[in-house]
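A closer look at the structure
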Amino acid sequence: MKTRVKGLRGSRAQRGGSARCAASKDVSQQRSWSSATTARADRATAPRGSEGRVASVHENGPRHLFDVGASGDKGGPGAGTAVAAAGAVGAALYAGKKMLNFSSGSRPYDANVGDEYDSWTNDGVLEYYWGEHIHLGYYSDAELQRGWRKKDFKEAKYDFIEEMLKWSGAIGSEAEGAKEPKNILDVGCGIGGTSRYLAAKFPNAKVTGITISEEQVRRATELARERGLGNVEFKLMDALNLTFEDDQFDLVWGCESGEHMPDKRRYVEEMTRVLAPGGNLAIATWCQRHSTESTPFTDAERADLQFLYDEWAHPYFISIKDYEGILRDTTAFAEVSTDDWTVPTIASWRHSVWVGVVDPWIVVFKGPVVWYKTIREIVTLERMHRAFDSGLMEYGMIKGTKAQAAQPVEAGAAQAEGERPLTDAWYSW
């Protein structure tokens, strides 16, 4: 049986939210807290990507964004409001597509990740809808069969943490010695939802969350103080230039932070450097499919990727295989493995739109600037869903156990002859 921490609801109308990691500059720059736990049935981690699971996602969700109102559960409190709101969203999107330019992204990467997350944190919309964790949620086979709308959107994020923690190898059963991490680094902590969750789950551990957004540090610290958590702290720090000494942390956690990194290799090397021998590195990140000479990106795929880069301040994505290669190139890991969690996470994209359809009022009352931004966000969420659904994007899970006798990793270590440097210049077509 696994346990998970309860009581993670923030004060802003339950708006606790850990805005997805803003933890890197350009290289050239979680009222009261309950620590009680509740037993939950353990879920077997089945192999991802089976055709049956993919079909369940499709059959239980709207086929298209504009179908979202019509696909709602029949009857029940708020059903009419949801359908009406869905119609309004659909009309807004139709008008937006006519009047606004969605052929290119509006926030291209320009060492601006911290500024963008400052803005998202201050306007509160992201936190309101996504809760304490601005990362995708986890939906089991049974939940997908029942239909993803029957699951609480925020609850799915806590389930993701539990699944990632179990997958990471950082914890063990009593038979395995009840292994628990003692010193945890959350790279790209957002407003600290995961950091606080881990701090409550492991009260004897010290948890440090880092981000380059000053507003995220402020909000994360505020929420930790409200909940009386003394074993977690938040720092303003660049993930590509960590100020920690070598071999400090027995769990380094990077959940949806690699997307914003202008140098993926440096990102991995820095996390590896501060990871203690025998410690676990766990990365969850959006990846593009692996291209080869025989399977190059098409012009349409390049255009789709460029929009996804430029709308949410991403310099570029790489593939799961590329990440695996970077970990192996450090020569610091005794074990490295990967997985593709697209199937258990893909429902999050349309689910995030659905929660806004059911409760649109925070956006309605914010005015035209937020309306414009929200329309763009809805379009981007749908385009993300389609990219993952088509196989252009994949949800990468990468982990490694640092060798007990690992040699220090030199930042910017020389690459093998003929190897592509995974920097902001690498992804160019």
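Residues numbered from 1 in each chain as written. Predicted model: local features only at pLDDT ≥ 70, side-chain atom pairs only at ≥ 80, totals over all residues. Heavy atoms only, no water.

Overview of the overall build of the protein chain
Per the secondary structure count, the protein chain includes 15 helices and nine strands. Looking at the 429 residues of the protein chain, the share that counts as buried comes to 57%. Total accessible area on the protein chain is roughly 17600 Å²; 52% of this is exposed by carbon and sulfur atoms. (Helix = DSSP H or I, 4+ residues; strand = E, 2+ residues; numbered from the N terminus. Buried < 20%, exposed > 50% of the residue type's maximum accessible area, 1.4 Å probe, protein only. Areas by Shrake-Rupley, 256 points an atom, 1.4 Å probe, with all protein chains shown as cover.)

Let's talk about unusual backbone geometry
For Glu256, which is not glycine, the phi torsion reads 55° and is therefore positive. Tracing the backbone through its elements, the reader meets Glu256 in the loop between β6 (249–255) and α9 (264–274). Positive phi, close to 55°, is recorded for Ala313, a residue that is not glycine. Looking at where Ala313 falls in the secondary structure, it is placed in the loop between α10 (299–311) and α11 (320–329). Residue class for Ala313 comes out buried when judged on its relative accessible area of 1%.

A closer look at the packing of α10 against helix α15 (residues 368–390)
Contact geometry for α10 and α15: axes closest at 11 Å, N-to-C directions at 135°. With respect to their mutual orientation, α10 and α15 come out oblique. Crossing of α10 against α15: the hand is left-handed. Residues Ala303, Asp304, Phe307, Leu308 and Glu311 of α10 pack against Arg376, Thr380, Arg383, Met384 and Ala387 of α15. Split by residue class, the contact of α10 with α15 holds five nonpolar, one polar and four charged. (Axes fitted to C-alpha atoms, helices over the stretch in contact; angles between N-to-C directions. Parallel < 35°, antiparallel > 145°, perpendicular 65-115°, else oblique. Left-handed = near helix turned anticlockwise from the far one by under 90°. Contact = heavy atoms within 4.5 Å. Nonpolar A, V, L, I, M, F, W, Y, C, P; charged D, E, K, R; others polar.)

Structural notes on helix α6 (residues 153–168)
Taking 1.5 Å per residue, 16 residues should reach 22 Å; α6 reaches 23 Å between its end C-alpha atoms and fits that length. Two or three places before Lys154, at the start of α6, stands the capping residue Asp152, its side-chain oxygen 3.0 Å from that residue's backbone nitrogen. After α6 finishes, the residue Gly169 shows a positive phi value of roughly 85°. (Expected span 1.5 Å × (residues − 1). Polar contact = N/O pair within 3.5 Å; in protein donor to acceptor, adjacent residues only side chain to side chain.)

With respect to the sheet that holds strand β5 (residues 232–236)
Whether parallel or antiparallel, the strands of a sheet pair through hydrogen bonds between backbone atoms. The seven strands lie next to each other as β5-β4-β3-β6-β7-β9-β8, forming an open sheet whose pairing is mixed. Each edge of the open sheet is held by one strand with a lone partner, namely β5 and β8 (333–340). Sheet twist, expressed as the mean angle between neighbouring strand axes with direction ignored, is 15°. Packing of α9 onto the sheet brings it into contact with β3 (183–187), β6, β7 (275–288), β8 and β9 (393–402), and relative to β7 it is tilted by some 155°. (Pairing = 2+ DSSP bridges.)

As for the side chain of Ser352
By the element assignment, Ser352 lies in helix α13 (residues 347–358). Classification of Ser352 by relative accessible area gives buried; the value is 7%. Of the polar contacts made by the side chain of Ser352, one reaches the backbone oxygen of Trp349; its length is 2.5 Å. Among residues more than four places away in sequence, those in contact with Ser352 are Trp130, Phe153 and Leu381.

Brief notes about the nonpolar core
Counting 96 residues, the largest nonpolar core has Trp286 and Tyr395 as its most contacted members. A total of eight residues in this core trace back to one element, the largest contributor, which is α6. Residues Tyr109, Val113, Tyr117 and Ala313 belong to the second largest nonpolar core, which totals five residues. (Core = buried A, V, L, I, M, F, W, Y, C linked by side-chain atoms within 4.5 Å.)

Here's the deal with the packing of α9 against α11
Where α9 meets α11, the axes come as close as 10 Å, and the angle between the chain directions of the two elements is 45°. With respect to α11, the axis of α9 lies oblique. Here the hand of the crossing between α9 and α11 comes out right-handed. Counting all contacts with α9, which are made through Lys264, Arg265, Tyr267 and Val268, the residues of α11 involved are Tyr323, Ile326, Leu327 and Asp329. Of the residues belonging to the contact of α9 with α11, the class tally is five nonpolar, no polar and three charged.

Quick notes on the pattern of salt bridges
Summed over the entire model, instances satisfying the criterion amount to 22 salt bridges. The shortest N-O distance in the salt bridge between Arg328 and Glu324 comes to 3.1 Å. Linking Arg328 with Glu324, this pair stays in helix α11, spanning four residues, or about one helical turn. You can call Arg328 partly exposed: its relative accessible area is 46%. A cluster of three or more residues bridged by salt bridges with shared partners is formed by Glu215, Arg218, Arg219 and Glu222. (Salt bridge = Lys/Arg side-chain N within 4 Å of Asp/Glu carboxyl O.)

Some points on the confidence of the model for the protein chain
Across the protein chain, the average pLDDT comes to 78, with 66% of residues at or above 70. Here residues 7–85 scores under 50 on pLDDT; set against residues more than four positions off or in separate chains, the count is 241 contacts. Note on residues 423–429: pLDDT under 50 across the span, and 21 contacts to partners over four residues away in sequence or across chains. (pLDDT = per-residue confidence, 0-100.)

Some remarks on the environment of Asp238
Structurally, the position occupied by Asp238 is in the loop between β5 and β6. For the pair formed by Asp238 and Met261, sequence separation is 23 residues and the distance between their alpha carbons is 10.0 Å. At 2.9 Å, the side chain of Asp238 forms a polar contact with the backbone nitrogen of Leu240.

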